[in-house]
Amino acid sequence: MELDLQPIELEGVSKERPLVIAGPCSAETEEQVLSTAKQLSDKGVKIFRAGIWKPRTKPGGFEGIGVEGLTWMKEVQKETGMYVATEVATAKHVYECLKAGIDILWIGARTTANPFAVQEIADALKGVDVPVFVKNPVNPDLELWIGALERINGAGLKRIGVIHRGFSSYDKKIYRNLPQWHIPIELRRRIPNLPILCDPSHIGGKRELIAPLCQQAMDLGFDGLIVESHCNPDCAWSDAAQQVTPDVLDYILNLLVIRTEHQSTENLNELRRQIDDCDNELMDILAKRMRVCREIGTFKKEHNMTILQTNRYNEILDKRGAQGSLCGMDADFVKQVFEAIHEESVRQQLEIINK
Ligand code: PEP
Ligand code: MN
């Protein structure tokens, strides 16, 4: 289904990249909301975020202040002139937000992963023209993400954007949620006119990662950023480690280098030709490697050997990883490449053995 979209243009908000939405993870108290909003507004931020209902992984955490917080959001509108945005996860949240005049809604990652919940929200939004941002689902499933967009668009809403907030993984290393940048990049390729914001706070999970993630998002051509900012981050009731003060946010935003896509392209075209050559060579060499693999498959079949020879596989991964490091590549990256190549080789050998 093709999406029928309209640009999210907000009066008084610059069309230049990045569009910035900032505010605390959660609305906690009237004072915290107002004080954070005023400080952000003084720094030129035009759109304020705060979670009113918080989906928590485990019970017992702060689950959001609830409807009471919506009146504080209205005060933010009144006192600062900012637009206000919050997360909706049920039809009831939608009705409460519309009643309170919340300007922008977003659907959280846990909700996007559930088509019933998204449909319920879409139905509640029928006939309403409000900008909606859809966060990626917690799992790296582009179709599920697009499905949620189709449901919202199917309800007649056209001012839709997305927020890339990374993907859950069992193995938490640097990031709280793995960026898997290729997924939003593929989304951009599939739906070019869809605005994409990056949420460095939930990807990084810690303050230090916010600046580099913002820069990376800008370098990848994202349209905007949604960043968690709190007047007193260390005392935040949720996501304390990843929030920054409005001052720090301002500092981060001022340091961003915004590169445009359409500068002089002559040198770039030459470099792209070189990349095409490299890719062609890579394809040739891969095809050759697969041919050899198929020959090995025939040999294994004739000698009644198993396809997977674990020692040999480990040897390949270790050797290539080490070679990669010597060439300035990340050893894990090289390992992943060879794991993928190996998977295809095994598939081809299985075809031969089962013929
Ligand atoms: C949030 O924005 O505070 C939030 C809960 O994010 P996510 O849905 O990405 O986890
Ligand atoms: Mn949060």
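Preceding this section is the structure that the text describes.
Just so you know, these numbers come straight off a predicted model, no measurement behind them.

Reading the values: rules and limits
- Residues numbered from 1 in each chain as written.
- Chains lettered and ligands numbered in written order.
- Predicted model: local features only at pLDDT ≥ 70, side-chain atom pairs only at ≥ 80, totals over all residues.
- Heavy atoms only, no water.
- Near = heavy atom within 4 Å.
- Polar contact = N/O pair within 3.5 Å; in protein donor to acceptor, adjacent residues only side chain to side chain.
- Areas by Shrake-Rupley, 256 points an atom, 1.4 Å probe, with all protein chains shown as cover.
- Nonpolar A, V, L, I, M, F, W, Y, C, P; charged D, E, K, R; others polar.
- Buried < 20%, exposed > 50% of the residue type's maximum accessible area, 1.4 Å probe, protein only.
- Helix = DSSP H or I, 4+ residues; strand = E, 2+ residues; numbered from the N terminus.
- Arc of directions from axis to C-beta.
- Contact = heavy atoms within 4.5 Å.
- Core = buried A, V, L, I, M, F, W, Y, C linked by side-chain atoms within 4.5 Å.
- Patch = residues over 30% accessible without salt bridge, like charges linked within 9 Å, V, L, I, M, F, W, Y side chains within 5 Å.
- Salt bridge = Lys/Arg side-chain N within 4 Å of Asp/Glu carboxyl O.
- Lys, Arg positive; Asp, Glu negative; His and termini not counted.
- Charge placed at Lys NZ, Arg CZ, Asp CG, Glu CD.
- Phe/Tyr/Trp six-rings, centres within 6.5 Å; stacked < 30°, edge-to-face > 60°.
- Lys NZ or Arg CZ within 6 Å of the ring centre and 35° of its normal.

### Overview of the site of ligand 1
Consideration 1: Every residue lining ligand 1 is accounted for by Cys25, Arg49, Lys54, Glu87, Trp106, Gly108, Ala109, Arg110, Lys135, Arg165, His202 and Glu228.
Consideration 2: For ligand 1, an oxygen atom lies 2.8 Å from a polar atom in the side chain of lysine 54.
Consideration 3: When the free accessible area of ligand 1 is taken as 290 Å², the share hidden by the protein chains comes to 97%.
Consideration 4: Residues of the shell around ligand 1, tallied by class, amount to 3 nonpolar, 2 polar and 7 charged.

### A look at helix α5 (residues 115-125)
Consideration 1: All of the buried residues in α5 are Ala117, Val118, Ile121, Ala122, Ala124 and Leu125. Projected down its long axis, α5 carries its buried residues within an arc of 160°, all on one side.
Consideration 2: At its buried positions, α5 is contacted by α3 (91-100), β4 (104-107), α4 (109-112), β5 (132-135) and α6 (142-154).
Consideration 3: The N-capping residue of α5, defined by a side-chain oxygen 3.0 Å from the backbone nitrogen of phenylalanine 116, is asparagine 114.
Consideration 4: Residue glycine 127 follows α5 closely and has a positive phi angle near 80°.

### A closer look at the nonpolar core
Consideration 1: Within the largest apolar cluster, 68 residues are counted, with the highest numbers of intra-cluster contacts made by Phe48, Leu149, Ile152 and Leu187.
Consideration 2: With 6 residues, α6 is the single largest residue contributor to this core.
Consideration 3: Counting 14 residues, the second largest nonpolar core, distinct from the first, contains Val13, Ile47, Ala85 and Ile226.

### Some details on a positive patch on the surface
Consideration 1: On the surface, Lys288, Arg291, Arg294, Lys301 and Lys355 cluster together to form a positively charged patch.
Consideration 2: By the element assignment, arginine 294 lies in helix α11 (residues 266-302).

### A closer look at the packing of aromatic side chains
Consideration 1: The tally for this structure, following the rule as stated, stands at 2 aromatic pairs.
Consideration 2: Summarising the aromatic geometry, the rings of phenylalanine 62 and tryptophan 237 are spaced 5.0 Å apart at their centres and angled 90° between planes, so their arrangement reads as edge-to-face. Of this pair, phenylalanine 62 sits in the loop between β2 (47-49) and α2 (68-80) while tryptophan 237 is found in the loop between β8 (224-228) and α10 (246-255), placing the two residues 175 residues apart along the sequence.
Consideration 3: Look at phenylalanine 62 and you get buried, because its relative accessible area is 18%.
Consideration 4: Taking relative accessible area as the criterion, tryptophan 237 reaches 43% and is therefore assigned partly exposed.
Consideration 5: Judged by centre distance (5.7 Å) and plane angle (80°), the ring pair of tryptophan 181 and phenylalanine 222 falls under edge-to-face. Taken together, the residues span a long stretch of sequence, with tryptophan 181 in the loop between β6 (160-164) and α7 (182-190) and phenylalanine 222 in the loop between α9 (210-219) and β8 at a distance of 41 residues. For the pair shown, tryptophan 181 and phenylalanine 222 are each scored as buried.
Consideration 6: A cation over a ring is seen here: arginine 320 above phenylalanine 338, with NZ or CZ 5.7 Å from the ring centre.

### With respect to the environment of threonine 112
Consideration 1: Tracing the sequence through the fold places threonine 112 in helix α4.
Consideration 2: Separated by 37 residues in the primary sequence, threonine 112 and leucine 149 have C-alpha atoms spaced 9.2 Å apart.
Consideration 3: If we skip the residues at most four places from it in the chain, threonine 112 touches Ile107, Val118, Val134, Lys135, Asn136, Pro137, Leu144, Trp145 and Ala148.
Consideration 4: Side-chain polar atoms of threonine 112 contact the backbone oxygen of lysine 135, separated by 2.9 Å.

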